[in-house]
Each structure stands twice: as C-alpha cells, then as structure tokens.
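For reference, the chains in residue letters:
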Amino acid sequence: MNKNIVVIGAGTMGNGIAHTFAQTGFKVSLVDVSQEALDRGLGTITKNLDRIISKGNLTEAQKKATLSNIKTFTKLEDCATKADLIVEAATENLDLKLKIFKQMDDLAPANCILATNTSSISITKIASVTNRPDKVIGMHFMNPVPIMKLVEIIKGYSTSKETFDDIYEMSKTLGKTPTEVNDYPGFVANRILMPMINEAIETLYNGVAGVEEIDTVMKLGMAHPMGPLQLADFIGLDVCLAILNVMYDGFKNPKYAPNPLLVNMVTAGKLGVKSGEGFYDYSESKKAEKVSKMFTK
C-alpha cells in the first residue's frame, strides 16, 4: 500500500481522518463541494494541532509537516486518479454514499481500495454499485478521530482478505487499534451504543428522571466518561436518529425503533452541540453545563 490518500468530506469526521493520515506521513487530498467547507476543515485541523502542541505532544515543525501533507480539492476527478486509498466521510445518507462510490469507482485506479467511514450503512450495499466489491471496506473511525484509538474495520460480503489485511495494518500505522467486524446494521459500536442512548431518551420521555440525573447515574454508576444524553448531543441527534433508522430497517426489531422525543427534537432542529441546543443548552458553552429549558422544571 502506497501513501496517496483521498478523503471525501471536510466535516468533523473527514477533517479528523485527514489530520490523522497527514500527521502519520501520508499525502492527503481532502475533497469537499466548496472551498469554504475545505477552509473550515483546515482551520479545525490547525486548531487541533495547536491543542496537541500545547500539551507537549507535537512540535511546531511536525505541525508544519502535517499541514504540508494536505492538499484541498473541490472536484474528486482532480485527485482520485492516483489514489491508493479513498476514504469517504460524507453525510450518513445511503443515496449520497452510493452516488459517491459510483464516482470513486469510475475515477480511481484499479488497485485503489475504496473505504467508507459509515457508522451503520451496509458495506455490502455500498460495494454493490462498484465494479470492485472485493476492494470495498468499512473504516469506522471514532470522534474525535486524532484522539480516539478505535477503528472498526468492517468486511462486506465480498471484501477480500488482501484488502482487509492492508487496511488492518494501515490502521495500526496510524496508531489506531483496528477491530474486525462483520457487516450487519450498526456493526458493533452503534449496535450497542444507540439502543443505550435511545433507552436513556425513553427514560427521560417517561419521566423516570431528568437529563442531568440520567447522565449522572451513567457517569458515576457505570464509569462512562459522558452520560448518554450528553453523548447524543455530541454525536448529533440527527446522526443518532439516522443510525437507529438503519438498524430498525435492517433488523425489523422494535427495540431499535427511535423514541418519539428524539424524532421530534430532530424535526425541530434541536440537534445537540452543532445546533446550539439538544438535551443541553450550548449557547454560552460547548460543555454540557446547562440543561435545555425544554427539560427544566
């Protein structure tokens, strides 16, 4: 595996993935539909590098080298033809991902591996629109990507052992801990996490306890670094809803059906940290210090 990496999407996950590859010495082409989105992504990468420097874990020279490893593009055709690996990190939307993968397959050289950072959508389904299903794989990074060690490596029905081994070893090169997972809705992380978040919302919806109380029980009682409602806000309530819907559609099991409160909050645009309000109010601080007025007595 050579070192030319293309990352599609400069949002939270995409810029984190680009940052991680670039800091490890890979040449990265970061692609998004607008230069504005790319500039925001690069700004986030720069800020995150400065934060690592402030903790004494990176030098200014390493920061400069990392940034010099990243080039930005608004058209995939301008960078995909020499790629060894393309990682798609677009919005969690099946139709969009299928469209992107058809384009990736058309543009990339025959030996290029096509990976998706999807958190729940079938790798087999995504691979079915390409002419290289053996070279399609899931690389599910965790947020924030530069810090979190886990990468779920998801094999589609046709993913070859060679493709899996390449991506498994590459993940270790990135300083990550790769974990092999088979292709079923939600994989492992979200199959376990999302029902817990949904149950926490159900507990709130049923009036068993308040937002802070539910999160406190899980933080202090189960040693979780974040309570499930705070974590849902951090992930994005729209993303949580999308993943639950994928699992509900995939398994047809009512235990994955999203709670009506979650559906209503997403419909109302209360998406968590990114919208300024979810279960907590983030208008004054990005930390979950103030419960949203919707849930205060």
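Residues numbered from 1 in each chain as written. Predicted model: local features only at pLDDT ≥ 70, side-chain atom pairs only at ≥ 80, totals over all residues. Heavy atoms only, no water.

A. Highlighting helix H11 (residues 260-267). Three or more residues of H11 are buried, namely Leu261, Leu262, Met265 and Val266. All buried residues of H11 project into a common sector of 130° when viewed along the axis, lining one side. Turned more than 90 degrees off the buried face of H11, the exposed positions are Asn264 and Thr267. Against the buried residues of H11 lie helix H7 (189-205) and helix H10 (237-251). Immediately downstream of H11, the backbone of Gly269 shows phi near 80°, a positive value. (Buried < 20%, exposed > 50% of the residue type's maximum accessible area, 1.4 Å probe, protein only. Helix = DSSP H or I, 4+ residues; strand = E, 2+ residues; numbered from the N terminus. Arc of directions from axis to C-beta. Contact = heavy atoms within 4.5 Å.)

B. Here's a closer look at helix H9 (residues 228-235). By the burial criterion, the buried members of H9 are Pro228, Leu229, Gln230, Ala232 and Asp233. The elements touched by buried residues of H9 are H7, helix H8 (211-222) and H10. Downstream of H9 by one or two residues, Gly236 has phi in the positive range, about 110°.

C. Main features of the environment of Gly250. Assignment of secondary structure puts Gly250 in helix H10. Gly250 gets classed as partly exposed once you look at its relative accessible area, which sits at 45%. Sequence separation between Gly250 and Gly41 is 209 residues, and the spatial gap between their C-alpha atoms is 33 Å.

D. Here's a closer look at the sheet that holds strand S8 (residues 177-182). Read from one edge to the other, the open sheet built from eight strands follows the order S3-S2-S1-S4-S5-S6-S7-S8, with strand pairing classed as mixed. The sheet is open, and its two edges are formed by strand S3 (70-73) and S8, each paired on a single side. For this sheet the average axis-to-axis angle between neighbouring strands, irrespective of direction, equals 25°. Bridge count for strand S7 (residues 150-155) against S8 is six bridges, and the pairing is parallel. Counted as the bridge partner of Val151 is Pro178 from S8. (Pairing = 2+ DSSP bridges. Axes fitted to C-alpha atoms, helices over the stretch in contact; angles between N-to-C directions.)

E. Just the side chain of Asn190, in detail. Considering the arrangement of structural elements, one finds Asn190 in helix H7. When sequence neighbours within four positions are dropped, the list of residues in contact with Asn190 reads Ser119, His140, Pro195, Ile243 and Met247.

F. Region of interest: the pattern of salt bridges. Inspection of every chain in the model, using the stated rule, returns eleven salt bridges. The residue Lys161 makes a salt bridge to Asp165 at a minimum N-O spacing of 2.7 Å. Here the residue Lys161 and the residue Asp165 both occupy positions in helix H6 (residues 161-173), the gap between them amounting to four residues, near one helical turn. Residue class for Lys161 comes out exposed when judged on its relative accessible area of 62%. As a salt-bridge pair, Lys290 and Asp281 come within 3.8 Å of each other at their nearest N and O atoms. (Salt bridge = Lys/Arg side-chain N within 4 Å of Asp/Glu carboxyl O.)

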